[in-house]
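Residue-level listing of the chains:
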Amino acid sequence: MAPLGTEIAPRTLIDMRNFNATCVLLLLISHGAWAAEPGSPAGLDQLVALAMERHPEAAAFEADAAAARASAEGAGRLMDPQWMIGAQALGAMPDSADPTMAMFGVEQMFSLPGAYEAGRDRARLEVRWAEGERARVAADVKEALWQVAARLRADDAKLEALRGQLAAAEAALALGLARYGAGGAWAGTSGRKSPSRGGEGLPGLLRLEAEVARVRADRDALAARRGGEQSRLVLLVGSEVADAVALEPARFLGAPAPEGAVPERTLATTTVEFAAADLRLARLERLPTFMIAADVRVMPDGMVDGVDAALGVTVPIWGGAGARSDAAAASAVAASRRSEHFELRLAEATAVAHADASAAVARATALREGAAPRARAPLEATMAEWSAGG
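Remember, predicted model here, so these are calculated numbers, not experimental data.

A.B. asks: Explanation requested: the overall build of the protein in the structure shown.
C.D. replies: From N to C terminus, the protein includes 8 helices and 4 strands. When its helices and strands are written in sequence order, the protein yields α-α-α-β-β-α-α-α-α-β-β-α. The buried share of the protein, reckoned over its 390 residues, is 32%. A fraction of 79% describes how many contacts in the protein between residues 6 or more apart in sequence connect residues 24 or more apart. Here the protein displays about 21,600 Å² of accessible surface, and carbon together with sulfur accounts for 60% of that area.

A.B. asks: Help me out: how do you make sense of a nonpolar patch on the surface in this one?
C.D. replies: A cluster of nonpolar residues, Ile292, Leu311, Val313, Val315, Ile317 and Trp318, forms a patch on the protein surface that exposes about 730 Å² of accessible area. Of note, Val315 is situated in the loop between β4 (304-313) and α8 (320-388). The exposure class assigned to Val315 is exposed, which follows from its relative accessible area of 56%.

A.B. asks: Which parts of the structure should I look at to understand the pairing of strand β2 (residues 100-110)?
C.D. replies: Along any regular strand, the residues point their side chains to alternate faces of the sheet. Judged from the 8 bridges that link them, strand β1 (residues 82-89) and β2 form a sheet pairing that is antiparallel. The partner of Ala89 across the bridge, within β2, is Thr100. As judged from the 9 bridges shared by β2 and strand β3 (residues 290-298), these two strands associate in the antiparallel manner. Across the sheet, residue Val106 finds its bridge partner in β3, namely Ala294.

A.B. asks: I'm lost on the environment of Gly254 in this one. Help?
C.D. replies: Within the secondary structure, Gly254 is located in the loop between α6 (239-247) and α7 (263-284). By relative accessible area, which is 33% here, Gly254 ends up partly exposed. The residues contacting Gly254, other than those within four sequence positions of it, are Leu44 and Trp146.

A.B. asks: Can you help me understand the sheet that holds β1 in this one?
C.D. replies: With antiparallel pairing, the 4 strands of this open sheet are ordered in space as β1-β2-β3-β4. At either end of the open sheet lies a strand with only one pairing partner, and these are β1 and β4. Recorded for the sheet is a direction-independent mean angle of 20° between the axes of neighbouring strands.

A.B. asks: Hey, could you run me through the pattern of salt bridges in this one?
C.D. replies: Between side chains of opposite charge, a pair can form when the charged atoms approach closely. The final tally for this structure, using the stated rule, is 27 salt bridges. Arg124 is paired through a salt bridge with Asp121; the nearest N and O atoms lie 3.7 Å apart. Residue Arg124 and its partner Asp121 are located together in helix α4 (residues 113-180), separated by 3 residues, close to a single helical turn. Given the relative accessible area of 48%, Arg124 is considered partly exposed.

A.B. asks: Which parts of the structure should I look at to understand the packing of aromatic side chains?
C.D. replies: Think of a pair of aromatic rings as described by two things: how far the centres are apart, and how the planes are tilted against each other in angle. All chains considered together, the criterion is met by 1 aromatic pair. Here the aromatic rings of Trp129 and Phe274 are separated by 6.2 Å at their centres, their planes lie at 65°, and the arrangement is edge-to-face. Of this pair, Trp129 sits in helix α4 while Phe274 is found in helix α7, placing the two residues 145 residues apart along the sequence. You'll find Trp129 and Phe274 in the same group, each marked buried.

A.B. asks: What's the story with the nonpolar core in this structure? I'm lost.
C.D. replies: As a rule of thumb, soluble globular proteins bury nonpolar side chains together. If you look at the biggest cluster of nonpolar residues, it comprises 24 residues, and the most contacted ones within it are Leu47, Met52, Leu145, Leu233 and Val237. Counting only elements with at least two residues in this core, the list comes to α2 (44-54), α3 (56-75), α4, α5 (201-237) and α6. Element by element, the count of residues in this core is highest for α4, at 8 residues. Look past the residues within four positions of Leu47 in its chain and what remains in contact with it is Pro41, Leu145, Val237, Val241, Val245 and Phe252. Counting residues in hydrophobic clusters, the runner-up holds 12 residues, among them Leu162, Ala172, Leu173 and Leu222.

A.B. asks: Would you mind going over the confidence of the model for the protein with me for this structure?
C.D. replies: The predicted structure's coordinates, where accompanied by low pLDDT, should not be read in detail. Put simply, the protein has an average pLDDT of 77, and 75% of its residues get 70 or more. Averaged over each element, pLDDT in the protein is lowest for helix α1 (residues 13-31) (45) and highest for β3 (90). Every residue in residues 23-38 scores below 50 in pLDDT, and together they form 31 contacts with partners more than four places removed in sequence or on other chains. In this model, residues 183-199 is a region of pLDDT below 50 whose contacts with residues beyond four sequence positions or in other chains number 23 contacts.

A.B. asks: Whenever I open this one, α3 confuses me. Can you help?
C.D. replies: With 20 residues, α3 ought to run about 28 Å at 1.5 Å a step, and its terminal C-alpha atoms sit 28 Å apart, in line with that. Those residues of α3 not exposed but buried are Pro56, Ala58, Phe61, Ala65, Ala68 and Ala72.

A.B. asks: How do you make sense of the side chain of Gln108 when you look at a structure like this?
C.D. replies: Position of Gln108 among the secondary structure elements: in strand β2. Owing to a relative accessible area of 15%, Gln108 belongs among the buried residues under this scheme.

A.B. asks: In this structure, what is going on with the pairing of β4? I would like to understand it.
C.D. replies: With 9 bridges joining them, β3 and β4 adopt antiparallel strand pairing. Its bridge partner lying in β4, Ala294 is registered against Ala309.

A.B. asks: Explain the environment of Asp295 to me, please; I cannot follow it from the model alone.
C.D. replies: Structurally, Asp295 can be placed in strand β3. Residue classification places Asp295 among the buried positions, given a relative accessible area of 15%. Setting aside residues up to four positions removed in sequence, Asp295 forms contacts with Met103, Phe104, Gly105, Gly306, Val307 and Asp308.

What counts, and where the lines are drawn
- Residues numbered from 1 in each chain as written.
- Predicted model: local features only at pLDDT ≥ 70, side-chain atom pairs only at ≥ 80, totals over all residues.
- Heavy atoms only, no water.
- Helix = DSSP H or I, 4+ residues; strand = E, 2+ residues; numbered from the N terminus.
- Buried < 20%, exposed > 50% of the residue type's maximum accessible area, 1.4 Å probe, protein only.
- Contact = heavy atoms within 4.5 Å.
- Areas by Shrake-Rupley, 256 points an atom, 1.4 Å probe, with all protein chains shown as cover.
- Patch = residues over 30% accessible without salt bridge, like charges linked within 9 Å, V, L, I, M, F, W, Y side chains within 5 Å.
- Salt bridge = Lys/Arg side-chain N within 4 Å of Asp/Glu carboxyl O.
- Pairing = 2+ DSSP bridges.
- Axes fitted to C-alpha atoms, helices over the stretch in contact; angles between N-to-C directions.
- Phe/Tyr/Trp six-rings, centres within 6.5 Å; stacked < 30°, edge-to-face > 60°.
- Core = buried A, V, L, I, M, F, W, Y, C linked by side-chain atoms within 4.5 Å.
- pLDDT = per-residue confidence, 0-100.
- Expected span 1.5 Å × (residues − 1).

Below, the structure written as structure tokens:
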């Protein structure tokens, strides 16, 4: 059943998806049982389909939806009849050894036709809710996979750049050492070598050695982080598929979600519909229900003594049905206001996400065009000086 009293908070889009992606990984770790490794998927959507086949929460919501469908099948049907059997002692009868009269009867309750339709519609909303929850899980899985693929691709580009920097720095260091005196002779201060040879001398060599160590450390740290991302991918889709994705992450960078596709919005809308369905049912409770009963009395000698028929009507005079109707009306108003609040916060989160994306693009442009060249300039100058043998 939908939690009518709980607001579906959108959070910011980035925080919401990061939080849910973490939950996805924790669920998969706790699940502990993996399916057989399938073949390599063609893109992000196929990758999501594979992950959903392994996801325990997705399977749970599929079962919830199946249960809700079965419940909806029976929601619009009549209540089962009540069969009755009884006996009545007739007192002493001189011509009968067993002065007991038997009674056989049946009783059936009826509601007005609209009540059955309302119950069926309410049950169908349970199906929609379970399907909406599964769609939410799929969106979280897709976001998690997209993030992993994006980070793998970014890490590959950074590793390639670091390898180039490392090769250049190591080449410059080797050339500097060769020109300075080979081996480790430069490390001492015997005075046999000029501390300013080549314009930079020993300080320049030390800077080159420090740069080589720094680039190596950055490379190793980035490789370790990339291994961690691949481990997360193994949890989601299995080792063979994870290896295929890691080899070519760019294939899995489709759109994280279609424009305007927010599963939480569907859940919020369904919550409003739940409240409206409950209100309809509560109002129908104020209408009378009917009972029809019939029974046959059989005397000890087998003769039918008579047939009784009865018609009963429930009359809601004590106010319970009216109170429940008022409560359901208040819940419907509350659900509508929560839905409006959700839309407001979703619009705010979308605006913040667009602003963050624009800021990230601006920072990346500034780093690429300004900060990065300035940061490389001293090293490149030292390397050029050593290469020139100045």
